[in-house]
Amino acid sequence: MSVALPRPGERPPATGGPIATIRTCVVRAPYRRPFQISSGVSTELISLVAEVETADGAIGVGETSPMTAYTGETLAGVTAAVEEHLGPALIGLDPLDRAGAHVAMDVALRGQHVAKAALDIALHDLAGRLAGWPVTALLGGRVRDRVPIAWVVGLGTPDEMAAEAADYAGRGFRHIKVKGGHDPERDLDLVRAVRTVLPADAELCLDANEGYDLSALPVLARMADAGLSLLEQPLPHWDLDGLARLRERLDVPVMADESMRSPQDALEIVRRGAADVLNIKILKVGGLHPALRIAAIAEAAGLAVKVGSMPELGVATLAALHLAAALPGATVPADLVGPLLVRDEPLAPSAFAAADGWVDVPTAPGLGHDL
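From a predicted model like this one, the values you see are computed outputs, not experimental measurements.

About the thresholds
Residues numbered from 1 in each chain as written. Predicted model: local features only at pLDDT ≥ 70, side-chain atom pairs only at ≥ 80, totals over all residues. Heavy atoms only, no water. Helix = DSSP H or I, 4+ residues; strand = E, 2+ residues; numbered from the N terminus. Contact = heavy atoms within 4.5 Å. Areas by Shrake-Rupley, 256 points an atom, 1.4 Å probe, with all protein chains shown as cover. Lys, Arg positive; Asp, Glu negative; His and termini not counted. Charge placed at Lys NZ, Arg CZ, Asp CG, Glu CD. Buried < 20%, exposed > 50% of the residue type's maximum accessible area, 1.4 Å probe, protein only. Expected span 1.5 Å × (residues − 1). Arc of directions from axis to C-beta. Phe/Tyr/Trp six-rings, centres within 6.5 Å; stacked < 30°, edge-to-face > 60°. Pairing = 2+ DSSP bridges. Right-handed = clockwise from strand over helix to strand, strands pointing away. Axes fitted to C-alpha atoms, helices over the stretch in contact; angles between N-to-C directions. pLDDT = per-residue confidence, 0-100.

Chemist: Whenever I open this one, the overall build of the chain confuses me. Can you help?
Modeler: Within the chain, the regular secondary structure consists of 14 helices and twelve strands. Of the contacts formed within the chain by residues at least 6 apart in sequence, a portion of 73% connects residues at least 24 apart. Here the chain has roughly 14,600 Å² of accessible surface; of this, 53% comes from carbon and sulfur atoms. If the 32 positive side-chain charges of the chain are averaged to one point and the 47 negative ones to another, these points end up 2 Å apart.

So this is what it looks like as structure tokens:
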């Protein structure tokens, strides 16, 4: 049997035909309790859902969630970016050419990673459905069938946060992340209170969301002595030299989050020796395609990876789940709890219903959501 190869300069036709239509809608779900970090508070999780359809009627669904307190981006801005610039740039393209899609989006609009992530996720979902493969297969295959996940405790009183941490540790979560960043001394009390109620085998992470400066070093050292397992983004995102100094002087690993929004940021963090762990949030970096590039940099540098969350609802959380299952270096439990933080999760209610510190990776084609 002979196979007709494309001529030089030609491209084989894409299964499903070219991208023909892009639709968006807004989905909202109230938090079980207001979700607060050092830069602000949210009472509901608001997502923009993007649907990419080919000329032959094949559909992929993506999602993005512009948590304004974290990214500074608004729902209106992200929606306009998708509908007026990024979506039109993809019309007529091969839906399987995800690298080409990012080139087209970057030409159409600089930055706007949160908006680009919605379309990137939709294209991965579409490609998986067309191929009959789960998204993990598009990312290189799965190294784990179940992904350990962390429970994330938003800001509250130390007693409230310790009670929530103990509750979820009792449900099977063995990695607890608590939010801090307003006051190092108060956060030291928080670490002590939470560590006291956790099982001995549970890990404790403190996320300061850029809330400290270098004067907090003595208190951070006492947190390490009090049983802190991981310290996330203690300093402003631009202070890589400060992060490197903390990393040299602390007996606890340092994780970069807000400092790391692109492969170029990841490379600079490695060059400066500013972190032990990179927190890869799909929405923050622009989708699964750039996330893989960042993960390759981390692997080459010997850094561990956490797959993080902003948080999001079920579709984007499923995308992060597939990424965590496909990365050998994703050894820090993933922050994939967005669907668990809200009431009546509307996008993938069955995928996370049985989460007990672990989530099974879907094997259905695409992302495996219920839409």
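Structure's up, so let's keep going.
Chemist: Help me out: how do you make sense of the side chain of T54 in this one?
Modeler: Assignment of secondary structure puts T54 in strand 2 (residues 40-54). Of the residues examined, T54 reaches a relative accessible area of 2% and is grouped as buried. Apart from residues lying up to four places away in sequence, T54 is in contact with G16, G17, P18, I19, A20, P95 and L126.

Chemist: When you look at helix 12 (residues 288-301) in this model, what are you seeing that I'm missing?
Modeler: Think of an α-helix as 3.6 residues a turn; residues three or four steps apart then line up on the same face. In this model, helix 12 (14 residues) spans 20 Å end to end at C-alpha, consistent with the 20 Å of a helix rising 1.5 Å per residue. Those residues of helix 12 not exposed but buried are L288, P290, A291, I294, A295, I297 and A298. For helix 12, the buried positions fall inside an angular range of 165° around the axis, keeping them on one side. Exposed positions of helix 12 whose direction lies more than 90 degrees from the buried face are E299 and A300. Just downstream of helix 12 lies G302, where phi reads positive at about 75°.

Chemist: Looking at this structure, I do not really get the packing of aromatic side chains. What am I missing?
Modeler: We describe a pair of aromatic rings using the distance from one ring centre to the other and the angle between the two ring planes. By the definition in use, this model includes three aromatic pairs. Judged by centre distance (3.7 Å) and plane angle (5°), the rings of W151 and Y168 are stacked. Of this pair, W151 sits in strand 5 (residues 151-153) while Y168 sits in helix 6 (residues 158-170); the two residues are 17 residues apart in sequence, bridging distant segments of the chain. Assessed through its relative accessible area of 13%, Y168 is described here as buried. Ring geometry for Y168 versus F173: centroids 5.8 Å apart, planes at 70°, classification edge-to-face.

Chemist: It is not clear to me how the pairing of strand 10 (residues 277-280) should be interpreted in this structure. Could you clarify?
Modeler: Look at any regular strand and the pattern is simple: side chains alternate between the two faces of the sheet. The two faces of strand 10 match: V277 and N279 on one face and L278 and I280 on the other face are all buried. The pairing of strand 9 (residues 254-256) with strand 10 spans two bridges and is classified as parallel. The residue of strand 10 that forms the bridge with A256 is L278. For the segment spanning strand 9, helix 10 (residues 263-272) and strand 10, crossover handedness is right-handed. Two strands pair when backbone bridges link them, and strand 10 and strand 11 (residues 304-307) are joined in this way by four bridges, in the parallel orientation.

Chemist: Sorry if this is basic, but what is going on with the sheet that holds strand 8 (residues 230-232) here?
Modeler: The pairing of strands in a sheet happens through backbone hydrogen bonds and is either parallel or antiparallel. On the basis of which strands lie adjacent, the open sheet formed by seven strands has the order 5-6-7-8-9-10-11 and parallel pairing. Across the chains shown, the open sheet's two edge strands, defined by having one partner strand only, are strand 5 and strand 11. The sheet shows a mean angle of 25° between the axes of neighbouring strands, taken without regard to direction. Pairing of strand 7 (residues 203-207) with strand 8, which is carried by three bridges, proceeds in the parallel orientation. Directly across from L206, in strand 8, lies its bridge partner L231. Running over the sheet, helix 6 touches strand 5 and strand 6 (175-179) and is turned about 170° from strand 5.

Chemist: Explain the confidence of the model for the chain here, please?
Modeler: A low pLDDT score tells you not to read the predicted coordinates there in detail. Within the chain, residue pLDDT values average 92, and 95% of them lie at 70 or more. With pLDDT under 50 throughout, residues 1-14 is counted as low confidence; its partners more than four residues away or in other chains account for six contacts.

Chemist: What am I meant to see in the environment of F352 here?
Modeler: Relative to the assigned elements, F352 resides in the loop between helix 14 (338-341) and strand 12 (358-360). What makes F352 buried here is its relative accessible area of 2%. Each C-alpha atom of the pair F352 and K284 lies 22 Å from the other, and the pair is 68 residues apart in sequence. Dropping the residues within four chain positions of it, F352 is found in contact with G314, T317, L318, L336, P339, L340 and V359.

Chemist: Even after reading the chapter, I still don't get helix 10, so can you show me in this structure?
Modeler: Of the residues making up helix 10, those classed as buried are P263, A266 and I269. Angularly, the buried residues of helix 10 cover 120° about the axis, an arc narrow enough to put them on a single face. Across helix 10 from its buried face, at more than 90 degrees, point the exposed residues Q264, L267 and R271. Among the structural elements, helix 9 (240-249), strand 9, strand 10 and helix 12 are those in contact with the buried residues of helix 10. Two residues or fewer after helix 10 comes G273, characterised by a positive phi angle close to 65°.

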